[in-house]
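What follows is each chain in one-letter form.
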Amino acid sequence: MISRRLFGQTVAAGVAATSLAACSPKPGAAPAAAAPPGADLRAGSGKNTSLGPVKQITAGAVDMGYFESGPATGQAVVLLHGWPYDPYSYVDVAPLLAAQGYRVIVPFLRGYGTTTFTSAQTVRNGQQSAIALDVIALLDALKIDKAIFGGYDWGSRTAAAIAVLWPERVKALVAVSGYLITNLVANLQPLAPAAEQGWWYQYYFATERGVLGYTKNRHDFAKLIWKNASPAWNFDDATFDRSAAAFGNPDHVAIVVHNYRWRLGLAAGEPQYESYEQKLQTAPAIAVPTITIGSDFDGAAADGMAYRGKFTGKYAHRVFAGIGHNVPQEAPQPFTQAIVDVDHF
């Protein structure tokens, strides 16, 4: 997660460094589509307060907790959450998709909820390819050959990495905020001072004071991020607390801190992921059918033009005005429709 106001500057700078083609739409591509005028994108009553029972399965390095709904024979949809959030971002999306016959899988990423490591010796690694490999292991464990992926924040980055590294496992993709694959070299380039301010928490995590502060105050810390990232979303305490329970995972702080330190070049990755990272560091294009979503959080990048050239397959872009960072929970109906629509590209 990064600053709502400054995300657009960051994305534009990072993508421009890897692809000048991102500045112009692909000939024949579907234009960016805003929500219908006057449409209510919000969750409404928020009547859904449960995703059902948590299931557990061994998936590579982790014993992964996940929620499942819909018919077992339906087209699989894997929905991935971000930081500091959890699967409850999809508490309204999952039943909508299940009602349309999809098999919906919503996992806790490593370091969240009931997902734990199978070995105490495993490095608590939050780099992008490690998280992506967990999800591939989940597909293998559930005997799912190919799925539709949807995500935002860490989830969007993870789904995009999977689409690059294992495109044969991805039927289609819905990616909030567009192309988020981390390029370590580009990430080292400084932004304007005002833009750097938006990354305060990443610099905080770079210090041992920050580790201690997040460990002691993760509930209030996450709530502050929620409010800053989605200023127009009037979530109640019960909604936040359902997700905040996931931050009690014993590996949560270590995974979050490693993720942000790795992205700033302050923590090393692991050798077993190096071949995956080498491919991701080239900022490869994504060829699977994709719908990207921009929201108010994305600032100037909400129109999708900064990353358009990174998607070479069937493609559309949608803008959800008035919506913050947690798009699926703030705007479950249009997010659900994006999943359904990309399935038919």
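Here, the structure is the one placed above.
So, a few notes on the structure that sits alongside this text.

Conventions we followed
- Residues numbered from 1 in each chain as written.
- Predicted model: local features only at pLDDT ≥ 70, side-chain atom pairs only at ≥ 80, totals over all residues.
- Heavy atoms only, no water.
- Buried < 20%, exposed > 50% of the residue type's maximum accessible area, 1.4 Å probe, protein only.
- Helix = DSSP H or I, 4+ residues; strand = E, 2+ residues; numbered from the N terminus.
- Pairing = 2+ DSSP bridges.
- Core = buried A, V, L, I, M, F, W, Y, C linked by side-chain atoms within 4.5 Å.
- Phe/Tyr/Trp six-rings, centres within 6.5 Å; stacked < 30°, edge-to-face > 60°.

## Quick word on the pairing of strand 9 (residues 290–295)
Then, in step 1: By the criterion of burial, strand 9 is predominantly enclosed, with six of the six residues buried.
Then, in step 2: The two faces of strand 9 match: Thr290, Thr292 and Gly294 on one face and Ile291, Ile293 and Ser295 on the other face are all buried.
Then, in step 3: Pairing geometry for strand 8 (residues 170–176) and strand 9, over four bridges, is parallel. Residue pairing for strand 9: Leu173 is matched across the bridge by Thr290.
Then, in step 4: Of the pairings in the sheet, the one linking strand 9 to strand 10 (residues 315–320) comprises six bridges and is parallel in character. Following the sheet pairing, Ile291 is matched in strand 10 by Ala316.

## Structural notes on the environment of Gln272
Then, in step 1: In this fold, Gln272 is placed in the loop between helix 10 (252–263) and helix 11 (274–280).
Then, in step 2: The sequence separation of Gln272 and Ala130 amounts to 142 residues, and the corresponding C-alpha distance is 9.1 Å.

## Quick look at unusual backbone geometry
Then, in step 1: For the bond from Trp83 to Pro84, the omega torsion is -5°, close enough to zero to count as cis.
Then, in step 2: Looking at the secondary structure, you find Pro84 in the loop between strand 4 (76–80) and helix 2 (93–99).
Then, in step 3: The phi dihedral of Ser177 is positive, around 70°, even though this residue is not glycine.
Then, in step 4: Counting through the fold element by element, Ser177 comes out in the loop between strand 8 and helix 5 (184–187).
Then, in step 5: One non-glycine residue with positive phi stands out, namely Ala283, at about 55°.
Then, in step 6: If you trace the backbone, Ala283 turns up in the loop between helix 11 and strand 9.

## Quick look at the nonpolar core
Then, in step 1: Judged by nonpolar contacts, the single largest core of 98 residues is most densely connected at Leu79, Trp83, Phe149 and Phe335.
Then, in step 2: In terms of residue count, helix 4 (residues 154–165) provides more of this core than any other element does, eight residues in total.

## Description of the packing of aromatic side chains
Then, in step 1: Scanning the model with the defined rule gives 34 aromatic pairs in all.
Then, in step 2: Centre to centre, the rings of Trp226 and Trp233 are 5.3 Å apart; their planes meet at 20°, and the pair counts as stacked.
Then, in step 3: Taking relative accessible area as the criterion, Trp226 reaches 0% and is therefore assigned buried.
Then, in step 4: Summarising the aromatic geometry, the rings of Phe235 and Phe240 are spaced 6.4 Å apart at their centres and angled 35° between planes, so their arrangement reads as tilted.
Then, in step 5: Note on Phe235: relative accessible area 13%, which makes it buried.

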